[in-house]
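Structure at a glance
Letter by letter, the chains look like this.
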Amino acid sequence: RYVQPVMHDGDEIEIKDGRHPLIESFINEPFIPNDVYLNNSTDRLLIITGPNMGGKSSILRQTAIIQILAQMGSFVPATSARLPLLDRIWTRVGASDDVSRGRSTFMVEMTEAANILRNASPRSLILLDEIGRGTATFDGLSLAWAIVEYLHDSPEHAAKTLFATHYHELTELAERLPGAQNYQVTATERNGEVVFLHRLERGRA
């Protein structure tokens, strides 16, 4: 169930029913596909909220994998995909330290984030997962807020960005910034249990 993607000279990433090729090959239940739409104007920066284990990180990763597969000439796990040519995919995903070189998890995260902010271009794709979590809550929120504003406003570095976060205050930015949009991964409650729906929908969690 892979399709040939359409590559184009514009700025739109348009994936219909995209899937993560590794996760779907290891799980026993059907993989829940999701649509992703990004451009360099109205949908430049997607702020994604939702519970842990809801699927935020998987959506970030599958978007990158689909783009890489398409750009190297492969078919992609989706029902359709229209994709631009990107210069780079920048990621700040996962927690890791480097104790041998005296670098905490937070320092590694900030060093990688600074590298992205200096070098990303409007033809890049950026994936940021839980940025700012390695320090005090207010400091982390302030850093995340400033990074979102910079990635939105900088004409030189305003790349298409997927920004997964637990800082729900950041959802206010979608009301202030014309290129930012709120998305959520959905969950519900059934018989007193939390059920993860793994669906990406517009709105805030």
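Description of the sheet that holds strand β10 (residues 193-202)
Taken in spatial order, the six strands line up as β6-β7-β8-β4-β9-β10 in an open sheet, and their pairing is mixed. In the strand order of this sheet, the two ends are held by β6 (89-92) and β10, each with one partner. On average, each strand axis in the sheet is tilted by 15° relative to the strand beside it, whichever way the strands run. Against the sheet, helix α3 (residues 105-119) makes contact with β6 and β7 (125-129), and its axis sits at roughly 155° relative to β6, the strand it touches most.

Describing the pairing of β7
The element β7 is extensively covered by neighbouring structure, given that five of its five residues are classed as buried. Of the two faces of β7, the one holding Leu125, Leu127 and Asp129 and the one holding Ile126 and Leu128 are both buried throughout. Taken together, the four bridges between β6 and β7 define a ladder with parallel strand orientation. Along β7, the bridge assignment pairs Ile89 with Leu125.

Description of the pattern of salt bridges
Evaluation of the coordinates by the stated rule reveals nine salt bridges. The salt bridge partner of Arg82 is Glu12, with a shortest N-O separation of 3.1 Å. One end of the pair, Arg82, is in strand β5 (residues 80-84); the other, Glu12, is in the loop between β1 (6-8) and β2 (13-18), with 70 residues separating them in the sequence. Arg82 sits in the partly exposed class, given a relative accessible area of 31%. What makes Glu12 partly exposed here is its relative accessible area of 24%. The network of salt bridges with shared partners includes Arg1, Arg19 and Glu24.

Rules and cut-offs
- Residues numbered from 1 in each chain as written.
- Predicted model: local features only at pLDDT ≥ 70, side-chain atom pairs only at ≥ 80, totals over all residues.
- Heavy atoms only, no water.
- Pairing = 2+ DSSP bridges.
- Helix = DSSP H or I, 4+ residues; strand = E, 2+ residues; numbered from the N terminus.
- Axes fitted to C-alpha atoms, helices over the stretch in contact; angles between N-to-C directions.
- Contact = heavy atoms within 4.5 Å.
- Buried < 20%, exposed > 50% of the residue type's maximum accessible area, 1.4 Å probe, protein only.
- Salt bridge = Lys/Arg side-chain N within 4 Å of Asp/Glu carboxyl O.

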